[in-house]
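Listed below are the residues making up each chain.
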Amino acid sequence: MTENLDLTDRRTDSDPLEALYDRAYAAFNDGELQLASTLFAELIEASPPGSHLHYMRGLTHKYLRDWPTSLQHNLLAQQLEDEFNEASAWNAGIAATALGNWSEARRQWARCGINIPEGEGPIERDFGLVSVRLNPWGKGETVFARRIDVVRARLLNVPLPESGHRLFDIVLHDGAPTGERRTRDGTVPVFNALQTLQASDHRTYTAFVRSPSAEAMTELLDMELPGIGYVEDWTASMVTLCLRCSYGIPHADATANAAHEPGAASNDDWKVERNLGIGAQGKAAVERLLANWVAAGPDRHVDGIESREQPGPVPEDGYVWWDDPTES
């Protein structure tokens with residue numbers, strides 16, 4: 001699904017209107033969404049009825065995450081369209097999903113030819129594994145997720161605490177992929193997450209441990225306990241700039257302290273010091289899990305457990321965050 005921003009269909013014989021068109025599209029393409037919305041509103045008032053202007057105002061308000069206005073203008077665009085426009089249907093479906101307007105969302109997905117199970121409430125179905133880019137207007141951390149409907153997905157990784165997201169959050173994501181991510185079986189598309197629709201009760205805990213071997217770490221990752229959602233070895237799964245130091249947890253290895261690196265390596269390059277992300281319903285469950293792991297083998301240590309969740313960043317006007325970063 002693509003969104004056509006071609007300007008060739010909007011020229012008029014009126015120079016002032018043409019200049020207003022140019023300013024509106026330029027504002028949108030520069031990420032100045034509030035200005036773009038104002039200019040598109042002026043164009044709608046001054047121009048003959050046209051679906052593309054309502055579509056562009058609906059698109060602008062999608063990226064502003066103003067769902068009532070986005071839905072309103074996408075529906076107005078559809079009323080004025082001479083033929084089916086998949087982009088306006090997708091954007092209307094996204095806005096309707098954000099608003100919990102399930103009948104409208106289902107209607108839009110049906111217009112797109114998407115096979116949706118019958119029903120009247122939220123869509124609950126396995127639409128496959130994807131990757132979502134959290135806070136695409138920020139650092140853009142990507143995590144794996146399971147799509148439960150066309151544009152809702154449940155997070156399967158433990159996001160960094162500064163992301164404002166948690167393991168098992170249900171997020172709303174955009175309709176067009178913006179890249180791909182490798183898996184063991186191939187690749188999956190990456191979608192921009194637009195907002196959290198349902199926050200998880202699994203807080204993010206950061207644990208700093210010393211594991212003598214990869215086998216001991218695997219044992220920890222495979223352990224199960226009530227209240228524990230998922231344990232992720234962040235040292236292996238992501239690049240961090242000395243997360244241990246940022247939390248004030250000293251290194252056991254003085255050389256690592258001096259070099260600001262996350263741990264000492266053995267002969268096989270195994271890093272004994274590990275940074276873990278744990279999605280859990282409470283700190284007590286994390287403490288029990290790690291205590292069980294320490295008791296199960298030698299040379300296992302827990303250096304610290306922290307929970308420092310933060311609100312995620314908010315989009316800033318003037319930044320185009322919705323384009324595919326893999327495209328030049």
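For the structure itself, look to the data block above.
For the structure given in this document, a descriptive report is provided here. (Residues numbered from 1 in each chain as written. Predicted model: local features only at pLDDT ≥ 70, side-chain atom pairs only at ≥ 80, totals over all residues. Heavy atoms only, no water.)

## Structural notes on the overall build of the protein chain
Within the protein chain, the regular secondary structure consists of eleven helices and ten strands. With 328 residues in all, the protein chain has 48% of them scored as buried. Put simply, the protein chain shows about 15,900 Å² of open surface, and 47% of that area lies on carbon and sulfur atoms. (Helix = DSSP H or I, 4+ residues; strand = E, 2+ residues; numbered from the N terminus. Buried < 20%, exposed > 50% of the residue type's maximum accessible area, 1.4 Å probe, protein only. Areas by Shrake-Rupley, 256 points an atom, 1.4 Å probe, with all protein chains shown as cover.)

## So, the nonpolar core
Residues Phe28, Phe40, Leu43 and Trp109 are the most contacted members of the largest nonpolar core, which totals 41 residues. Looking at this core, the elements that each hand over two or more residues are helix H1 (15-29), helix H2 (33-46), helix H3 (51-63), helix H4 (67-80), helix H5 (86-99) and helix H6 (102-111). Residue contributions to this core peak at eight residues, all from H5. By size, the runner-up hydrophobic cluster in this structure holds 19 residues, among which are Leu220, Val231, Trp270 and Leu276. (Core = buried A, V, L, I, M, F, W, Y, C linked by side-chain atoms within 4.5 Å.)

## Structural notes on the sheet that holds strand S9 (residues 273-280)
Taking strand neighbours across the sheet as the criterion, the four strands line up as S8-S9-S7-S10 in an open arrangement whose pairing is antiparallel. Here the strands that pair on one side only, and so sit at the sheet edges, are strand S8 (228-233) and strand S10 (301-306). In this sheet, neighbouring strand axes are inclined to one another by 25° on average, regardless of whether the strands run parallel or antiparallel. In the sheet, strand S7 (residues 203-210) pairs with S10 via five bridges, with the strands oriented antiparallel. The partner of Phe208 across the bridge, within S10, is Gly304. Along the sheet face, helix H7 (residues 214-222) touches S7, S8 and S9 and points at about 155° away from the line of S8. Against the sheet, helix H11 (residues 283-295) contacts S7, S8, S9 and S10, and its axis sits at roughly 170° relative to S10. (Pairing = 2+ DSSP bridges. Axes fitted to C-alpha atoms, helices over the stretch in contact; angles between N-to-C directions. Contact = heavy atoms within 4.5 Å.)

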